[in-house]
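# Per-entry structural report
The residues making up each chain are set out below.
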Amino acid sequence: MTNQTLALLILLFPVAGAILLAGRGWRLPRIFTVIIGPGVVWASFVCVLALFSGKAHGDFTYWSWIKSGSLDVPFNLLIDNLSIFMCLVITGVGGLIVTYSVGYMEREDDPSYARFFVYMDIFIFSMLLLVLAGNFIFLIVGWAMVGLSSYLLIGFWYQRHSAVVAARKAFVMNVIGDVGMILGTFVLFVNLHAITYSGVFQAVPHTDNGNLELAACLLLVGAVAKSAQLPLHTWLPDAMEGPTPVSALIHAATMVTAGVYLVGRMYPIYDVAVYAHGAVAIIGAVTALFAATIAIVQTDIKRVLAYSTMSQIGYMFLAVGIGAYAAGFFHLLSHAFFKALLFMAAGNVIHAMHDEQDMRKYGGLWGQMRPTSISFLVGSLSLVGVIPFVGFFSKEQILGLAFSKPNDSLALIVWIIGAATALITGFYTGRMWWMSFWGKPSPQRPVEHPHAPSLVMMVPVGILAVLATVGGLLQTRALGSFGPSLVNDFLAPAVGPLRWEGDWSEVVIGLSTMVLATALFLAAMRIRPWSAYVPWAQRMLERKYYFDEIYDASFVRPMDAVAGFALRGIEEPVIDAAVVDTGLLARAGAASLSLTQSGYFRNYVLVFVGGAVVAAVILLLRASS
Amino acid sequence: MSTLNIGGSQIDTSWFLLLSAVLFILGTTGVLVRRNPLVILISIELMMNAANLALVTFSRQLQNMDGQLFALMSMTVAAAEAVVGLAILVDIFRTRDAEDVDDLSELRG
């Protein structure tokens, strides 16, 4: 099979699965859904593996989508090492998560069960389209469809009011990003006269910087909204209303990393547009710190993980923002491993606790759910960045590169923020771990003896736990420039080689950060009631720095007021009144005319005869005159 | 004053027209005052025949066959009208046993 066909097949499998399940899935036995739902994702994974092992690359054009004057939009897929890397993450980790959902969603009735896998397959398709697209139009199509499937999955339990509200919030925030993307594409097309990646990147050196800065900033709006970075982040914690596998797949491993992919893919533009590029790093660093501090006080286990996701994506933004693209993508891969692991292990707990998500009501799970606890610990240590887990290698590499970037004070600033975040990460992860799994069972725990997760849920968790443990061997650069550097080497053709080399000092710094973070992880067992001493900070963090309140006051309520005025001041008295009054007039006219209709036959005849007599009289008078 | 030759005797035309008018007024009055739908139909037939008489009268007087042809035409239409009218009546009787047209006044506004 040619590479061109394989690339198309990657996309066709999930979409075929979604169509099959949507059409027939809920009428057939459940085993049909169980096989088709995850099966198509694994089929795509096999295709990606074939491309990966065949070292495929190329820009495959299938047909012309739109042709109008100088606008020529082909349907083309770009296969290079970056898109294959992303596809491996999406279909590999995605396949594990969709398989896990087979067990997690087992309590749903058949139609909902099939619906869930329809949405999941649509999501996988959209995400693959997003990373495989070879031009801006299909990038936007994938971008928007990813937002749609996220909306559908957050609102999967549509009987819950909170889920519907959260889905709507996520959709609105994502659409703000979509608008930024579309405007950015307009700016690029108007100035560079190209819509395909290859065309745009060829034209970049001949374009003036102002327009590129504008386009890069607009694209950044899209990236920020999709990746839940400041200030468009408020939707991600609420998105935890969705089922846990959704949180693992969409709101940790894949969709929210789309912003990192976008900046990496557009690196020729960001390399030139230095101000926009610096903004990427600053947004990433600030978000990382900001989200980590909020995670300290959250009590809902999934919300802690959500803020931690924002924080880790902040690291990725930081990395691509300072030009360490491959390091950002390594962290993307590593984060996909350990965060999906954390979410799915948390899902095991939530499943066993009958949907209780409050960590204060757990406690003492170490003895009762040993495999899940161990997996969660692996994920936690990876998140904290402890040797030898994958999180150490990816995070410390980013921090090391920020520290060692020559002649760049911005990189140094974001390094300070990033290192502080790493320490806070140690603390909130420790708090989450000790609170949920250690100590005595909470008296409020809903289940005395939690059931062990089924095999189909435990196997993906186990695989990810192994990957999170040994994944660091892919790239040990954080311990010095010896050892393998597979991710950097693999991505170098797509995003350029590493722009500068570090030295031994960054290894020392990285190790000391790790030691401090680990110490805080352990300390979190003891210093839990810290917040009693600083109640104002506790309150501010619990209100998430009042972002929701500020947005509510500055956007939602004014809009409500305008809409309310339009309803009561314009719609009802003017437009509605005009329409209603026209109707009333016609009705009154008809009512008065209908009085002439007696329904009696002889009345009609009388009128008829009378009319005939009058006509005859008139005729006679005229004839006689 | 013109006359018509009917069976050898000369009769003044106005008598025929007077008869026609009397018949027509009888028919009209019948339609207006009677309530039985069948009688109303018969009254309508009476009006048509009055009109036919007038047509034939003028035809004879003016020595023009158009009027008589028109009377024939009118009879045909009357026959068709009787068929349709009677069919409607039969149907009404079947469903609601109405002997009074005043009972059929659902179209009152």
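Worth saying up front: this structure is predicted, and the values here are computed from it rather than measured. (Residues numbered from 1 in each chain as written. Chains lettered and ligands numbered in written order. Predicted model: local features only at pLDDT ≥ 70, side-chain atom pairs only at ≥ 80, totals over all residues.)

### Describing the overall build of chain B
Tallying secondary structure elements over chain B gives 3 helices and 2 strands in all. Helices and strands in chain B line up, N terminus first, as β-β-α-α-α. On C-alpha atoms alone, chain B measures out to a radius of gyration of 18 Å, which is more than a quarter above the 13 Å that the 2.2 N^0.38 rule sets for 109 residues. Projected onto its principal axes, the C-alpha coordinates of chain B cover approximately 55 × 30 × 25 Å. By residue count, 12% of the 109 residues in chain B fall in the buried class. Summarising the internal contacts of chain B: among those between residues at least 6 apart in sequence, 43% fall at separations of at least 24. (Helix = DSSP H or I, 4+ residues; strand = E, 2+ residues; numbered from the N terminus. Rg over C-alpha atoms; globule rule 2.2 N^0.38 Å. Buried ≥ 20, exposed ≤ 12 C-beta atoms within 10 Å, placed from the backbone. Contact = placed C-beta atoms within 7 Å.)

### Observations regarding the overall build of chain A
Looking only at helices and strands, chain A features 24 helices and 2 strands. Principal-axis analysis of the C-alpha atoms places the extent of chain A at approximately 130 × 65 × 55 Å. Taken across its 625 residues, chain A has 51% of its residues classed as buried. Of all intrachain contacts in chain A linking residues separated by at least 6 positions in sequence, the fraction that spans at least 24 positions is 80%.

### Comments concerning the interface of chain B and chain A
At the interface, 11 residues of chain B touch 12 residues of chain A. Residues of the side of chain B that touches chain A, tallied by class, amount to 5 nonpolar, 3 polar and 3 charged. (Nonpolar A, V, L, I, M, F, W, Y, C, P; charged D, E, K, R; others polar.)

### A short note on helix H2 (residues 37-62) of chain B
Residue and element names in this part refer to chain B. Here H2 contains 26 residues, and its C-alpha end-to-end distance of 38 Å stays within 8% of the 38 Å for a straight helix at 1.5 Å per residue. Looking at H2, one finds that the buried residues are Pro37, Ile40, Ser43, Met48, Ala50, Asn52, Leu55 and Thr57. Summarising the contacts, the buried residues of H2 are in contact with helix H1 (13-33) and helix H3 (66-96). Glutamine 63 occupies a position one or two residues after H2 and carries a positive phi of about 55°. (Expected span 1.5 Å × (residues − 1).)

### Re the packing of helix H4 (residues 110-132) of chain A against helix H5 (residues 136-154) of chain A
Residues and elements named next belong to chain A. Contact pair H4 / H5: the axes reach a minimum separation of 8 Å and the direction vectors enclose 155°. In this view, H4 runs roughly antiparallel relative to H5, as classed from their interaxial angle. Remark: the crossing between H4 and H5 carries left-handed chirality. In contact with Tyr119, Ile122, Phe123, Ser126, Met127, Leu129 and Leu130 of H4, H5 contributes Phe138, Leu139, Val141, Gly142, Trp143, Met145, Val146, Ser149, Leu152 and Leu153. When grouped by side-chain class, the residues that make up the contact of H4 with H5 number 14 nonpolar, 3 polar and no charged. (Axes fitted to C-alpha atoms, helices over the stretch in contact; angles between N-to-C directions. Parallel < 35°, antiparallel > 145°, perpendicular 65-115°, else oblique. Left-handed = near helix turned anticlockwise from the far one by under 90°.)

### Some remarks on the nonpolar core
Residues and elements named next belong to chain A. In terms of nonpolar packing, the biggest core is built from 204 residues, with Leu128, Leu132, Leu318, Ala340 and Leu341 touching the most fellow members. Looking at this core element by element, the count peaks at 19 residues for helix H15 (residues 325-352). Among all residues touching leucine 318, those that are not within four sequence positions of it are Ala281, Gly284, Ala285, Ala288, Ile398, Ala402, Val414 and Gly418. (Core = buried A, V, L, I, M, F, W, Y, C linked by C-beta atoms within 7 Å.)

### Structural notes on the environment of Glu241(A)
All names here are of chain A. Considering the arrangement of structural elements, one finds glutamate 241 in the loop between helix H9 (235-238) and helix H10 (244-253). In this structure, the C-alpha to C-alpha distance between glutamate 241 and aspartate 121, residues 120 residues apart in sequence, is 20 Å. Sequence-distant contacts of glutamate 241, that is, excluding residues within four places in its chain, are made with Ile154, Arg160, Ser162, Ala163 and Ala166.

### Considerations on H5(A)
Between the first and last C-alpha of H5(A) there are 27 Å, a value that for 19 residues agrees with the 27 Å anticipated at 1.5 Å per step. Most of H5(A) sits inside the fold, with 14 of its 19 residues counted as buried.

### Points about the environment of Ala133(A)
Residue and element names in this part refer to chain A. Along the chain, the position of alanine 133 falls in the loop between H4 and H5. Linking alanine 133 and glutamate 213, residues 80 residues apart in sequence, is a C-alpha distance of 23 Å. Look past the residues within four positions of alanine 133 in its chain and what remains in contact with it is Leu77, Phe138, Leu139 and Gly142.

### Quick word on the pairing of strand S1 (residues 3-6) of chain B
Residues and elements named next belong to chain B. Bridge analysis of S1 against strand S2 (residues 9-12) gives 4 bridges, and the strand direction is antiparallel. Note that in S2 the partner of asparagine 5 across the bridge is glutamine 10. Turn length for the S1-S2 hairpin, with the two strands adjacent in sequence and antiparallel, is 2 residues, and the turn residue glycine 7 shows positive phi of about 60°. (Pairing = 2+ DSSP bridges.)

### Quick word on unusual backbone geometry
All names here are of chain A. Leucine 230 connects to proline 231 through a cis peptide bond whose omega is 0°. Along the chain, the position of proline 231 falls in the loop between helix H8 (209-226) and H9. Cis geometry marks the peptide bond from isoleucine 387 to proline 388, where omega comes out at 5°. The topology assignment puts proline 388 in the loop between helix H16 (370-384) and helix H17 (390-404). Phi at histidine 193 takes a positive value of approximately 55°, unusual for a residue other than glycine. Tracing the sequence through the fold places histidine 193 in the loop between helix H6 (161-192) and helix H7 (197-203).

### Brief notes about the confidence of the model for chain A
Of all residues in chain A, 99% have pLDDT values of 70 or greater, and the mean over the chain is 85. No element of chain A has a lower mean pLDDT than helix H22 (residues 535-542) of chain A, at 75, and none a higher one than H5(A), at 90. (pLDDT = per-residue confidence, 0-100.)

### Brief notes about the confidence of the model for chain B
Residue and element names in this part refer to chain B. Considering every residue of chain B, the mean pLDDT works out to 87; 98% of them sit at 70 or more. Ranking the elements of chain B by mean pLDDT puts S1 last with 79 and H1 first with 92. Scored by ipTM, the complex comes to 0.80, with pTM at 0.77.

### A look at the packing of H8(A) against helix H13 (residues 274-295) of chain A
Residue and element names in this part refer to chain A. One can describe the packing of H8 onto H13 by two numbers: an axis separation of 8 Å at closest approach and a directional angle of 25°. As far as their axial angle goes, H13 and H8 are roughly parallel. Here the hand of the crossing between H8 and H13 comes out right-handed. Together, Glu213, Ala216, Cys217, Leu220 and Val224 of H8 and Tyr275, Ala276, Ala279, Val280 and Ile283 of H13 make up the contact between the two elements. Considered class by class, the residues forming the contact of H8 with H13 number 9 nonpolar, no polar and 1 charged.

### Here's the deal with the environment of Lys405(A)
All names here are of chain A. Here lysine 405 is to be found in the loop between H17 and helix H18 (409-437). Along the primary structure lysine 405 and isoleucine 322 are separated by 83 residues, whereas in three dimensions their C-alpha atoms are 8.3 Å apart. Leave out the neighbours within four places in its chain, and lysine 405 touches Ile322, Ala411 and Trp500.

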